[in-house]
Amino acid sequence: MIKLLAKIFIKDCENYKNSVVRNQYGILCGAAGIVLNVFLFFFKLFAGILSSSVAVIADAFNNFSDAAGSIVAIVGFKISGKEPDKDHPFGHGRMEYIAGLVVSFLILLMGYELLKSSVGAILHPKPLKIDFVTVVILSASILVKFYMYFYNHFFGLKLNSVVMEATARDSLNDTVSTGIVLLVAVLSLVLKNLGVNLNFSLDGLAGLFVVAFILKGGIDSVKETVNPLLGQTADREFVNNIEETVMAHKKICGIHDLILHDYGPGRLMLSLHAEVPGDENIFELHDEIDNIECEISKKFNCQCVIHMDPIDRKNSELEKLKSFISKKASQLDSEISIHDLRIVPGVSHSNVIFDAVRPFSCRYSELELIEKLSKFVKDYNPSYNGVIQIDQPFV
C-alpha cells in the first residue's frame, strides 16, 4: 500500500537520498501510522471493554500512544527537512533524532501507566468475558502491526531513518505483545468452556508481559536516538570505504585522524588527515586533495575536509625510528598506533614529535602512555626527546 501511495504522491520516489523525497516518505509513513494505530485503538478498546480484559485495553492504549508518536515523527521530519539558516548553519537534521527521543519517552510513559493497571488487575482480579469477536479483532491487529513493522523497517533502511527504525521495532514488539494477549484470550475462552476457574488473574499476568515488551521497546528506542545526539562511534564499514577511496589515489601515503560529525541523516561532516610525499610539488598535491574531497562528498553524500600532512619518505632514520616505536607500542596494546612522526634537530638534543592513538580499552592513562613512549624514544637514542600528543580513536 505504501509503495503504491508513494508512486502516486511522491515525485522521483526511488531517489531515497534526496532530502525532499526523504521527508515526503517520512510524512507518508507517519500519516499511515496515525490512521492504522487509531483504527486499532478503537477496535481493541471495544474488544477490551466487551471482554473486561485489562491486557486488551492496555494493548489498545499502546496503539493510541503509537499514533501520538507518529504525529511527533511527522513534525520531526518536517523540521529536520528545513534548509540551513543563519542560526543553524549545519541544518536541522538532528530534529529527527529529537523526535525519535520524544516518541521513545511516550512509549515509556505508556508502559508505566499500563504497568499500574496490570498490577491492579493481579491484586484485584475480575472475570473475563472473552468471545469470538475479541479473538478476531486481536488476530487482525497482529497482521496490521506486522505490516507496519515491514514498511517502517523497509523504508527506515532505505532512508537511514532512526525514527522509522524505532517505529518498526515498536511495531514488532506490539506484534509479539498482542500475540501474548491473543494467546491468553484463547486460553481463557477454552478454560471457560471447560468450566475451569483460575484463582489468579491470567489477564493481569498477560498485561505484565505486554508492559515488558513496551518498556523494552522504549528503552531500545531511547538508546537508538540518544547515541547520535551524544556522538557515537563511526560505522566501521563506512570508515573502511572512506579509507579505500582515499588510498586508491597514488599520491596518498596514508590517512589518520578521521572524524565524522553527524548533524542528521544526509548531513554528515567528515574530516581526515592525508599523508602525502613531502618532496613533491605542493600545488599538484593540493589539487589531488581537492579532487579527493569532491569525490568523497559526492560518493558518500557528505561534506569532506582533508588536511594535508607532508611526510619524509626518503629519511631512513625516520622509518627505522617509527618502526621501533610502533613495535614497542604494540607490546603495550596491540591497538596503539602512531603517526605524524618527525625529527626536529637541535644542538643539545633532537625532539621526536608524533601523535599516538590510545584505544579506549587501554589500561594505561594518557600520562602513563606518554611516559612509556618517551622512554622508548630514549631507548632508541639517548639524545632524542619525545614530544607526544595522545589522540583518541573515532572508530
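Please refer to the structure higher up on the page.
This is a predicted model, so every value here is computed, not measured. (Residues numbered from 1 in each chain as written. Predicted model: local features only at pLDDT ≥ 70, side-chain atom pairs only at ≥ 80, totals over all residues. Heavy atoms only, no water.)

Novice: Tell me about the pattern of salt bridges, and please be specific about residues and values.
Specialist: All chains considered together, the criterion is met by five salt bridges. Across the pair Lys-145 and Asp-66 runs a salt bridge, and its minimum N-O distance is 3.0 Å. Here the residue Lys-145 occupies a position in helix α5 (residues 132–159), and Asp-66 occupies one in helix α3 (residues 54–80), the gap between them amounting to 79 residues. For Lys-145, a relative accessible area of 1% gives the class buried. (Salt bridge = Lys/Arg side-chain N within 4 Å of Asp/Glu carboxyl O. Helix = DSSP H or I, 4+ residues; strand = E, 2+ residues; numbered from the N terminus. Buried < 20%, exposed > 50% of the residue type's maximum accessible area, 1.4 Å probe, protein only.)

Novice: Kindly report on the side chain of Glu-293, identifying the contributing residues and their values.
Specialist: Take Glu-293: it is sitting in helix α9 (residues 282–300). Lys-298 is the oppositely charged side chain nearest to the buried, salt-bridge-free Glu-293, at an N-O distance of 12 Å. Residues within four places of Glu-293 in sequence aside, it is in contact with Cys-304, Val-305 and Ile-306. (Lys, Arg positive; Asp, Glu negative; His and termini not counted. Contact = heavy atoms within 4.5 Å.)

Novice: Give me the packing of helix α1 (residues 2–9) against helix α2 (residues 19–51): which residues, what numbers.
Specialist: It is the contact of α1 with α2, at a shortest axis distance of 11 Å, that shows an interaxial angle of 135°. It follows that α1 is oblique to α2 by the angle criterion. Considering only the axes of α1 and α2, their crossing is right-handed. From α1, Ile-2, Leu-5 and Ala-6 reach across to α2, where they touch Tyr-25, Leu-28, Cys-29 and Ala-32. (Axes fitted to C-alpha atoms, helices over the stretch in contact; angles between N-to-C directions. Parallel < 35°, antiparallel > 145°, perpendicular 65-115°, else oblique. Left-handed = near helix turned anticlockwise from the far one by under 90°.)

Novice: Pulling in residues and values, what's your account of the sheet that holds strand β3 (residues 302–311)?
Specialist: Strand order in the open sheet made by the three strands is β1-β2-β3, with mixed pairing throughout. Strands with a single pairing partner mark the edges of an open sheet, and in this sheet they are β1 (254–262) and β3. Strand-to-strand twist across the sheet, computed as the mean angle between neighbouring axes with direction ignored, equals 15°. Pairing of β1 with strand β2 (residues 268–277), which is carried by seven bridges, proceeds in the antiparallel orientation. Residue Ile-259 lies in a different strand from β2, and its bridge partner there is Ser-271. In the packing of α9 onto the sheet, contacts are made with β2 and β3, and the angle to β3 comes to roughly 150°. (Pairing = 2+ DSSP bridges.)

Novice: Mind laying out the environment of Glu-368, listing which residues take part and the relevant values?
Specialist: In this structure, Glu-368 sits in helix α11 (residues 366–380). Taking the relative accessible area as the measure of exposure, Glu-368 reaches 37% and is therefore partly exposed. Within the local environment of Glu-368, its side chain forms a polar contact with the backbone nitrogen of Ser-365, the two atoms lying 2.9 Å apart. (Polar contact = N/O pair within 3.5 Å; in protein donor to acceptor, adjacent residues only side chain to side chain.)

Novice: Can you break down α5 residue by residue, with the values?
Specialist: The periodicity of an α-helix, 3.6 residues per turn, causes residues three or four positions apart to be oriented the same way. For α5, spanning 28 residues, the distance from its first C-alpha to its last is 41 Å, which sits close to the expected 40 Å at 1.5 Å a residue. Positive backbone phi, at 55°, marks Asn-160, one or two positions downstream of α5. (Expected span 1.5 Å × (residues − 1).)

Novice: Any details on the pairing of strand β5 (residues 350–357)? Residues and values, ideally.
Specialist: β5 sits mainly inside the fold: seven of its eight residues count as buried. Pairing between strand β4 (residues 337–344) and β5: six bridges, direction antiparallel. Note that in β5 the partner of Ser-337 across the bridge is Val-357. Turn length for the β4-β5 hairpin, with the two strands adjacent in sequence and antiparallel, is five residues. On the question of chirality, the crossover connecting β5 to the parallel strand β6 (residues 384–391) by way of α11 is right-handed. (Right-handed = clockwise from strand over helix to strand, strands pointing away.)

Novice: Pulling in residues and values, what's your account of the side chain of Ser-80?
Specialist: Tracing the backbone through its elements, the reader meets Ser-80 in helix α3. Contact partners of Ser-80, with chain neighbours within four places excluded, come to Asn-23, His-92, Gly-93, Met-95, Glu-96 and Arg-267.

Novice: Can you tell me about the state of the cysteines, naming the residues and giving the values?
Specialist: In this structure the tally under the stated criterion is zero disulfides. Looking at Cys-304, it has no disulfide partner, and the nearest cysteine sulfur is the one in Cys-302, 5.8 Å off. On the basis of relative accessible area, Cys-304 is assigned to the buried category, the value being 9%. (Disulfide = S-S within 2.5 Å.)

Novice: Describe the pairing of β6, naming the residues involved and giving the relevant values.
Specialist: Note on strand geometry: in a regular strand, side chains alternate between the two faces of the sheet. The sheet contact formed by β5 and β6 spans eight bridges and is parallel. Among the inter-strand pairings, Ala-356 is bridged to a residue of β6, identified as Ile-390.

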